[in-house]
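Analysis of the macromolecular model
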Amino acid sequence: MVAQLLLIIGLLVYPGFVFSILYGGILIWIYRKIRARMQGRRGPPWYQTYADIMKLLSKETIIPRSAWRLGFIGAPIISIVSLATAMLLIPIWSSKPLLGFVGDTIVLLYLLTIPTFAVILAGISSNSPYGIVGASREASLLVWYELPFWFSIATIFILTGTLSIEKIVSTQATLGPNIIRAPLAFIAFIIAAQAKLAKRPFDIPHAETEIVAGPYTEYSGVLRGFFEINEALKWLTISSVAATFFLGWPITGNPVFNALLFMVKVALFAIIFAVIDIVNPRFRIEQAHWPLWEVALIIALIDLVRILAGIGV
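Quick summary incoming for the structure in this document. (Residues numbered from 1 in each chain as written. Predicted model: local features only at pLDDT ≥ 70, side-chain atom pairs only at ≥ 80, totals over all residues. Heavy atoms only, no water.)

What to know about the overall build of the protein
Test applied: Secondary structure counts use DSSP, requiring at least four H or I residues in a row for a helix and at least two E residues in a row for a strand, with both numbered from the N terminus. Radius of gyration here is computed from C-alpha atoms only, and the compact-globule reference equals 2.2 Å multiplied by the residue count raised to the power 0.38. Contacts were defined at the residue level, with two residues in contact if any of their heavy atoms lie within 4.5 Å.
When helices and strands are counted, the protein shows 13 helices and zero strands. Moving toward the C terminus, one meets the helices and strands of the protein in the order α-α-α-α-α-α-α-α-α-α-α-α-α. Radius of gyration (C-alpha) of the protein: 19 Å, near the 20 Å computed for a compact globule of 313 residues. Restricting to contacts in the protein with at least 6 residues of sequence separation, those with at least 24 account for 79%.

Right under this line is the structure:
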């Protein structure tokens, strides 16, 4: 009974849904604060993300008459569920995740792909020209960034010899962080993850000056609030994957210290993504493929072949 109660608390509170939203909101605040400071502004208070979400959740939801209701309503919910589930596969206070199992890395990668399809579904379901254009751009980015993203993670599979997240972290605790042993795969991951987050220079699907808010244009009220929650979860999940697969070291016997260290590493990667977003202009859609396929994919393959050949391992 006690074990079941602890599992429920873990699923709902920590490291489950409540923690994910709260810390994800902090990461968005860090991003907004850094952007403001680099632009000579003060920036928002720490609670601004939560205030925005609560305000949206309290407003009326308007669904366009021409929209496909099932897809329009289901898209943000599907995205939130997939990202929240992905966080349960990430180890926080030890090397073992709450819902870890053999081959859980493959499931994690699939869960990280679902939010992109949810955004595409949202844009198409809205039946808005802005939403449809944004959805088509999101689909184009998916084709370009998913391959280097998977290849960078596949390099870690081969380097550690396992598909288990727990063993990947344990291996780093013994042999050192993978960021040192597979630096090119790490760079490829950062480039692909920036596109996965849809942040500059890859924020093409919701370029405000061109297509308003892209797939989110027709969303309002509760459903728009759900997408804001989704944004917080995405920042947390992608940064957590980077911290787990490339900086899963050290692991001590103190779970509190491990959890605090994990949060610091996640914040560090969130800052990296934020700085890349702030200092770069937006690519045009026809320009987005070259850093993903001609840079990220190639360097990920170089590290993959190098490790397969046993060079520098």
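We are not done yet, so read on.
Overview of the packing of helix H2 (residues 17–38) against helix H12 (residues 255–279)
The criterion, for reference: To define axes, lines are fitted to C-alpha atoms, for helices over the stretch in contact only, and angles between the resulting N-to-C directions are given on a 0 to 180 degree scale. When describing relative orientation, an angle under 35 degrees is termed roughly parallel and one over 145 degrees roughly antiparallel, while 65 to 115 degrees is termed roughly perpendicular and anything else oblique. Each helix crossing is assigned a hand: it is left-handed if the near helix lies turned anticlockwise from the far helix by less than a right angle, otherwise right-handed if that turn is clockwise. Throughout this entry, Asp, Glu, Lys and Arg are counted as charged residues, while Ala, Val, Leu, Ile, Met, Phe, Trp, Tyr, Cys and Pro are counted as nonpolar. The remaining residues, Gly among them, count as polar.
Two numbers describe how H2 lies on H12: the axes approach to 9 Å, and their chain directions differ by 40°. One way to sum up the angle between H2 and H12 is to call them oblique. For the element pair H2 and H12, the recorded crossing hand is right-handed. Along its contact with H2, which presents Phe19, Tyr23, Leu27, Ile30, Tyr31, Ile34, Arg35 and Met38, the element H12 presents Met263, Val264, Val266, Ala267, Ala270, Ile271, Ala274, Asp277, Ile278 and Val279. Partitioning the contact of H2 with H12 into residue classes produces 16 nonpolar, no polar and two charged.

Remarks on the environment of Ile8
Relative to the helices and strands, Ile8 resides in helix H1 (residues 2–12). Placed 216 residues apart in sequence, Ile8 and Arg224 show a C-alpha to C-alpha distance of 28 Å.

Quick notes on helix H4 (residues 69–87)
Counted only if it meets this: Multiplying 1.5 Å by the residue count of a helix minus one yields the expected span of that helix. What the bend at a residue measures is the angle between two axes, fitted to the seven residues ending there and to the seven starting there. Buried residues are those whose accessible area, probed at 1.4 Å on protein chains only, stays under 20% of the maximum for their type, while exposed residues exceed 50% and partly exposed ones sit between those limits.
Taking 1.5 Å as the rise per residue, H4 with 19 residues should run 27 Å; its terminal C-alpha atoms sit 28 Å apart, in good agreement. Of all the bends in H4, the greatest reaches close to 35° and is centred on Ala75; the proline Pro76 follows between one and four positions later. Every buried residue of H4 is listed here: Gly71, Phe72, Gly74, Ala75, Pro76, Ser79, Ile80, Ser82, Leu83, Ala84, Ala86 and Met87. Residues of H4 that are buried make contact with H2, helix H5 (104–126) and helix H11 (221–246).

Remarks on the layout of surface pockets
We apply this condition: Here the term cavity refers to a set of points on a 1 Å grid, laid over the protein atoms alone, in which a 1.4 Å probe fits but cannot get out; the term pocket refers to an open set having protein on both sides within 12 Å along at least five of seven lines, with lining residues being those that place an atom within 4 Å of a point. Grid points are joined across faces, edges and corners, and a volume is the space filled by probe spheres set on the points.
Taken as a whole, the largest pocket holds about 600 Å³ of empty space. Around the largest pocket sit 21 residues that line it, and Lys199, Glu208, Arg224, Glu228 and Glu231 are the ones nearest its centre. Taken together, the elements giving at least two residues each to the lining of the largest pocket come down to H2, helix H3 (48–57) and H11. Among the elements that line the lining of the largest pocket, the one with the most residues is H11, at five residues. In terms of residue class, the lining of the largest pocket is built from eight nonpolar, two polar and eleven charged.

Some words on the packing of aromatic side chains
For clarity, the threshold we go by: Any two of the Phe, Tyr and Trp rings considered here, Trp counted by its six-membered ring, make a pair once their centres fall within 6.5 Å; the pair's planes then place it as stacked at under 30 degrees, edge-to-face at over 60, or tilted in between.
Taken as a whole, this structure holds 14 aromatic pairs when the rule is applied. Plain terms: the ring middles of Phe72 and Tyr219 are 4.0 Å apart, the flat faces sit at 5° to each other, and that makes the pair stacked. Of this pair, Phe72 sits in helix H4 while Tyr219 sits in the loop between helix H10 (208–211) and H11, placing them 147 residues apart in sequence. Judged by relative accessible area, Phe72 falls into the buried class, the value being 0%. Ring geometry for Phe202 and Phe283: centres 5.8 Å apart, planes at 65°, overall edge-to-face. Of the two residues, Phe202 sits in the loop between helix H9 (183–196) and H10 while Phe283 sits in the loop between H12 and helix H13 (289–308), which places them 81 residues apart along the sequence. The two residues Phe202 and Phe283 agree in class, both being buried.

Considering empty space enclosed by the protein
Applying the stated criterion to the full structure yields three cavities of 30 Å³ or more. Lining the largest cavity we find 13 residues, and of these Pro91, Ile92, Ile251, Phe262 and Lys265 sit closest to its centre. Among the secondary structure elements, those contributing two or more residues to the lining of the largest cavity are H11 and H12. Of all the elements, H12 adds the most residues to the lining of the largest cavity, at four residues. In terms of residue class, the lining of the largest cavity is built from eight nonpolar, four polar and one charged. Put simply, the second largest cavity is a space of about 50 Å³. As for the second largest cavity, its lining consists of Leu83, Leu112, Pro115, Thr116, Lys196, Lys234 and Ile238. The dominant element in the lining of the second largest cavity, judged by the number of residues it contributes, is H5, at three residues.

Quick notes on the nonpolar core
Nonpolar side chains in soluble globular proteins tend to end up buried together. Our working rule: Only buried residues count toward a nonpolar core, which is a set of Ala, Val, Leu, Ile, Met, Phe, Trp, Tyr and Cys residues joined through side-chain atoms within 4.5 Å.
Within the largest apolar cluster, 73 residues are counted, with the highest numbers of intra-cluster contacts made by Leu27, Leu108, Phe189 and Phe245. When residues of this core are assigned to their parent elements, the largest contribution, eleven residues, is made by H11. Setting aside residues up to four positions removed in sequence, Phe189 forms contacts with Phe149, Ser152, Ile153, Ile238, Val241, Ala242 and Phe246. Among the nonpolar cores identified, the runner-up in size contains nine residues, and Ala67, Ala122, Tyr216 and Tyr219 belong to it.

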